[in-house]
Amino acid sequence: MTELAEAAGITVRTLRYYRERKLIPPPRRAGRIAWYDGRHLARLRTIAALLERGHTLGGIAELIAAFEGGRDVAELLGLGDPFAAPWSRETLVRLSPEELVDHFSGEATAENLAASLDIGYLAVDGEELVHVSRRLLDVSRKLVREGVPLPVMLAAGREIRAHADALAATFASLFRQHVLTDVPPGAAEGEPPSPEDVDRMARTLDRLRPVAHTVVEAEVALAMDRRIRAELRAWLGD
């Protein structure tokens, strides 16, 4: 800790305070030894630069939380594209390779890791792995514990992703053709919409978000009811 503080040009007391405020990630531990690396030093230098620009520690903490939660920092500052605000509110999960092995035991093979990276469930950030969704990670872990092989589950995830993309395309077409019909007159010529037009369309999209979620959830639940009944009838008949 002393070496990290010296490299960052701060006191050990300040470093401890940053840790308490969760402004830097926790160190990697080996027994009683806490290991810091270049990622921690880079974070401390970023904090120093933001402080020099007049940001408060509270504001910096909010920016870091937004970044680690997968939110666009520009969105947080009110500078982002209102139409690019994410519909999902998934929480990113940072994992060491050892933690990933703990989650999936003998299923954490190089082939399964490559498949997860290819699908987009995992990404590499320095020495860590980042999972795109805590909910999907928890579900994956539960399915593996229930006996579903991880390669089979990843193949199913790829198929579900394709269906989800098709659903998204259906909703986007529906909204574009029948809801967002009052496009500003000059849009076809490339004229930018007025702030009022942008605000109105953004509010319309906000109202439509829960509609899409409700329809998909209801349809999947009804489809599962139909499928389970059909499977049970076939099984009992056999």
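Preceding this section is the structure that the text describes.
A brief structural summary. (Residues numbered from 1 in each chain as written. Predicted model: local features only at pLDDT ≥ 70, side-chain atom pairs only at ≥ 80, totals over all residues. Heavy atoms only, no water.)

### Digging into the pattern of salt bridges
Overall, the coordinates contain 5 salt bridges when judged by the stated rule. In this structure, Asp206 and Arg209 form a salt bridge, with 2.8 Å as the shortest nitrogen-oxygen distance. With Asp206 and Arg209 both in helix α10 (residues 195–237) and 3 residues apart, the pair spans about one turn of that helix. Note on Asp206: relative accessible area 42%, which makes it partly exposed. When its relative accessible area of 13% is taken as the criterion, Arg209 is described as buried. The closest approach of N and O atoms between Arg227 and Glu231, which form a salt bridge, is 3.8 Å. Pair noted here: Arg227 and Glu231 are both in helix α10, with a separation of 4 residues, about one helical turn. (Salt bridge = Lys/Arg side-chain N within 4 Å of Asp/Glu carboxyl O. Helix = DSSP H or I, 4+ residues; strand = E, 2+ residues; numbered from the N terminus. Buried < 20%, exposed > 50% of the residue type's maximum accessible area, 1.4 Å probe, protein only.)

### Quick look at the side chain of His131
Tracing the backbone through its elements, the reader meets His131 in strand β5 (residues 128–131). With residues near it in sequence (within four places) discarded, His131 still touches Thr91, Leu92, Val93, Tyr121, Leu122, Leu136 and Leu137. (Contact = heavy atoms within 4.5 Å.)

### Re the layout of surface pockets
When its volume is computed, the largest pocket comes out at roughly 2000 Å³. Glu90, Arg135, Leu136, Ile160 and Ala164 are the residues nearest the centre of the largest pocket, which is lined by 43 residues in total. Among the elements of the structure, α8 (134–145), α9 (150–178) and α10 are those that each provide at least two residues to the lining of the largest pocket. Per-element tally for the lining of the largest pocket: the top contributor is α9, with 15 residues. Considered class by class, the residues forming the lining of the largest pocket number 25 nonpolar, 10 polar and 8 charged. Volume-wise, the second largest pocket comes out at about 730 Å³. Lining the second largest pocket are 26 residues, and of these Pro25, Pro26, Arg39, Arg94 and Glu128 sit closest to its centre. When residues of the lining of the second largest pocket are traced back to their parent elements, those giving at least two are α3 (38–52), β3 (93–95) and α6 (97–104). Considered class by class, the residues forming the lining of the second largest pocket number 10 nonpolar, 4 polar and 12 charged. (1 Å grid on protein atoms, 1.4 Å probe; cavity = no way out; pocket = protein on both sides within 12 Å on 5 of 7 lines; lining within 4 Å. Points joined across faces, edges and corners; volume = space filled by probe spheres on them. Nonpolar A, V, L, I, M, F, W, Y, C, P; charged D, E, K, R; others polar.)

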